[in-house]
Amino acid sequence: MRGDELHELAAGYALGTLEGEDLARFEARLRGGDAEARRAVRQFEETLARVAAEGAEPPPPGVKAALMARVAAASPARQSDGARVVPLAGRPRRSVWTTVLAGAMAAGIAAIAVGLGISTRYERRLETLGQEAATLKAELERQAAVLAILRDPATQVVALNGLEPSPTARARMLWHEQAGGLLVAAGLPPAPAGKAYQLWAIAGKNAPVPAGVFKVDPGGTGSLRVAPLAGVGRVDVFAVTLEPEAGVPAPTGPMYLAGKSA
Amino acid sequence: MREPQPASVAAGLIAGIARGDRAAFERFYDAYSPLAFGLIRRILRDPEAAKEVLQEVFWQVWQEAGAYDPSRGSGEAWLVMRARTRAIDKLRSIRRREQTFVAPADERVAAAPETRRDDPALAAEDRGLAESALGQLSGPQRQAIELAFLEGLTQTEIAARLGEPLGTVKTRIRLGLERLRAAFKVDNA
């Protein structure tokens, strides 16, 4: 290996920016006890410590007290300088076995404390990562479902027009029998307190089936993702009424939007 | 700049911490927390996040002081490397979270002023580095080292960000660090 290449790898390693094969190769060298590689890393790490020292900044108050309290609370078995353990020989009449047992217990407790500290830290990290993964997955599934609806030729597209209370309102309903649908509405007045807009799906001469409630932003725009409706196949009419916030089983309020499928 | 302490002071305190000496831990915190905190602050702009990482780093010092090997380097370097790793971990997790929750609001992402950070002169000035050794490097060398050390990018990511070949980036980082090493007279450390 050329000297330049060794130093390139050592610089990347010290900066934590080495990756893949370079990293594996260089770590193997360090593990193998390569004195030249170790020396190069050490020098670069010392260099970075000096770089850091140029930007030294007093820490905020409170951190030290919190740390000292944590140290005191988490490791009561640990002793500070002022309270050294009395050497065994100086102890009055105490069984060697008691001491050995106490020592073993203390070591066990310390090991458990350290283990707990480490596992708690990793559990926290795993939990955060897990939550992030779940959020991403849910978002991805939502988007995939919308895409599937858009792609399918069987998807109905229904335009809804504004009725008497808000003639300028408009909406588009995408509807797929198996996948459900998506409503996007614009130009609706914000729903009064305690009220929300409710979507209805009407097939033939059947009673309207509730398909979900939604609100609109101050600009009058709102959207609603609709899950597939049990017992509802092809829909002939979609309509939107103003109802109590929680939704109702059959329409009671004024109708704001309606559209008939082609 | 802080007066450098003899290397053995930090190493001696870490040895005390490894034995469970709380007084040594307190002295170590008093002497070296500004070193760690300055770096953490340069990596994480958010003061609350920086405070949290500082506490985690020193908690780790208390728990893992026994793993310190003086033959591998000074106590300061040991602390700095830990602080840097934890701060970059935090930075990455913040970035992941921001991407998860902010990405759907496309226009907000598009409006985020990312360009400012790409200007090395502004970035260095912003971090108070214009007068430092890092600030004395050539623009491209400093930029590559900053992206690695303070932004946590890999060499491939740096190459992509700067639109330069990977080999060029590797060379720049090496030359930059070698220049700093000479400036600080770190020889046979």
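Placed above this text is the structure.
For the structure given in this document, a descriptive report is provided here. Quick caveat: nothing in here was measured; it's all calculated off a predicted structure.

Moving on, we come to the overall build of chain A. When helices and strands are tallied, chain A shows five helices and eight strands. Helices and strands in chain A line up, N terminus first, as α-α-α-α-α-β-β-β-β-β-β-β-β. Contacts spanning at least 24 positions in sequence make up 59% of the contacts within chain A whose residues lie at least 6 apart.

Let us now look at the overall build of chain B. Each helix and strand in chain B was counted, giving eleven helices and zero strands. Along chain B, helices and strands appear, N-terminal first, in the series α-α-α-α-α-α-α-α-α-α-α. For chain B, the proportion of its 189 residues judged to be buried stands at 40%. For chain B, contacts bridging at least 24 residues in sequence account for 58% of all contacts bridging at least 6.

A word on the packing of helix α9 (residues 139-149) of chain B against helix α11 (residues 166-183) of chain B. All names here are of chain B. Orientation of α9 relative to α11, taken along the N-to-C sense of each, is 95 degrees, at an axis distance of 8 Å. In terms of orientation, α9 lies roughly perpendicular with respect to α11. Between α9 and α11, the residues in contact are Pro140, Gln141, Arg142, Ala144, Ile145 and Ala148 and Val169, Arg172, Ile173, Leu175, Gly176 and Leu177, respectively. Of the residues that constitute the contact of α9 with α11, the class distribution is eight nonpolar, two polar and two charged.

Quick look at the interface of chain B and chain A now. Accessible area lost upon the coming together of the parts serves often as the stated size of an interface. Residue-level contacts link 59 residues of chain B with 47 residues of chain A. Breaking the side of chain B that touches chain A down by element, the ones donating at least two residues are α2 (22-43), α3 (47-64), α4 (75-102), α8 (133-136), α9, α10 (155-162) and α11 of chain B. Top element by residues in the side of chain B that touches chain A is α2 of chain B. It accounts for 13 residues.

Right, let's get into the pairing of strand β4 (residues 195-202) of chain A. Residue and element names in this part refer to chain A. By the bridge criterion, eight bridges tie β4 to strand β7 (residues 237-244) in an arrangement that is antiparallel. Bridge pairing in β7 links lysine 195 to proline 244. Here four bridges tie β4 to strand β5 (residues 209-214), and the two strands are oriented antiparallel to one another. By the bridge assignment, glutamine 198 is partnered in β5 with valine 213. Connecting β4 to the antiparallel partner β5 that follows it, the hairpin turn spans six residues, and glycine 204 within it adopts a positive phi of roughly 55 degrees.

It is worth spelling out the sheet that holds β7 of chain A at this point. All names here are of chain A. Taken in spatial order, the eight strands line up as β5-β4-β7-β8-β1-β2-β3-β6 in an open sheet, and their pairing is antiparallel. Sheet topology places β5 and β6 (222-226) at the edges, where each strand pairs with a single neighbour. When the angles between neighbouring strand axes are averaged without regard to direction, this sheet yields 20 degrees.

Residues and elements named next belong to chain A. Note: strand β1 (residues 156-162) against strand β8 (residues 255-260), two bridges, orientation antiparallel. Bridged to asparagine 161 within β8 is alanine 258. With five bridges connecting them, β7 and β8 associate as antiparallel partners. When the sheet's bridge partners are listed, alanine 239 is paired in β8 with alanine 258.

Along an α-helix, residues three or four positions apart point the same way, because every turn accommodates 3.6 residues. Taking 1.5 Å per residue, 13 residues should reach 18 Å; helix α1 (residues 3-15) of chain A reaches 18 Å between its end C-alpha atoms and fits that length. Of all the positions in α1 of chain A, only His7, Glu8, Leu9, Ala10, Ala11, Gly12, Tyr13, Ala14 and Leu15 of chain A are classed as buried. Packing partners of the buried residues in α1 of chain A comprise α2 (20-31) and α3 (35-54) of chain A together with α9, α10 and α11 of chain B.

Counting 66 residues, the largest nonpolar core has Ala10 of chain A together with Ile17, Ala36, Ile40, Val80, Ala87 and Ala148 of chain B as its most contacted members. Tallying contributions element by element places α2 of chain B first for this core, with eleven residues. Not counting residues up to four positions away in its chain, the partners in contact with valine 80 of chain B are Leu48, Ala49 and Ala52 of chain A together with Leu35, Ala36 and Leu39 of chain B.

Attention shifts here to the packing of α2 of chain A against α3 of chain A. Residue and element names in this part refer to chain A. At a minimum axis separation of 8 Å, α2 and α3 run at an interaxial angle of 110 degrees. The pairing of α2 with α3 is recorded here as roughly perpendicular in orientation. In this structure, α2 contributes Phe26, Arg29 and Leu30 to the contact, and α3 contributes Ala37, Arg38 and Val41.

For the rest of this paragraph, the subject is the environment of serine 8 of chain B. Looking at the secondary structure, you find serine 8 of chain B in helix α1 (residues 7-18). The spacing of serine 8 of chain B and proline 70 of chain B is 62 residues in sequence and 8.9 Å in space, taken between C-alpha atoms.

The rules we used
- Residues numbered from 1 in each chain as written.
- Chains lettered and ligands numbered in written order.
- Predicted model: local features only at pLDDT ≥ 70, side-chain atom pairs only at ≥ 80, totals over all residues.
- Helix = DSSP H or I, 4+ residues; strand = E, 2+ residues; numbered from the N terminus.
- Contact = placed C-beta atoms within 7 Å.
- Buried ≥ 20, exposed ≤ 12 C-beta atoms within 10 Å, placed from the backbone.
- Axes fitted to C-alpha atoms, helices over the stretch in contact; angles between N-to-C directions.
- Parallel < 35°, antiparallel > 145°, perpendicular 65-115°, else oblique.
- Nonpolar A, V, L, I, M, F, W, Y, C, P; charged D, E, K, R; others polar.
- Pairing = 2+ DSSP bridges.
- Expected span 1.5 Å × (residues − 1).
- Core = buried A, V, L, I, M, F, W, Y, C linked by C-beta atoms within 7 Å.

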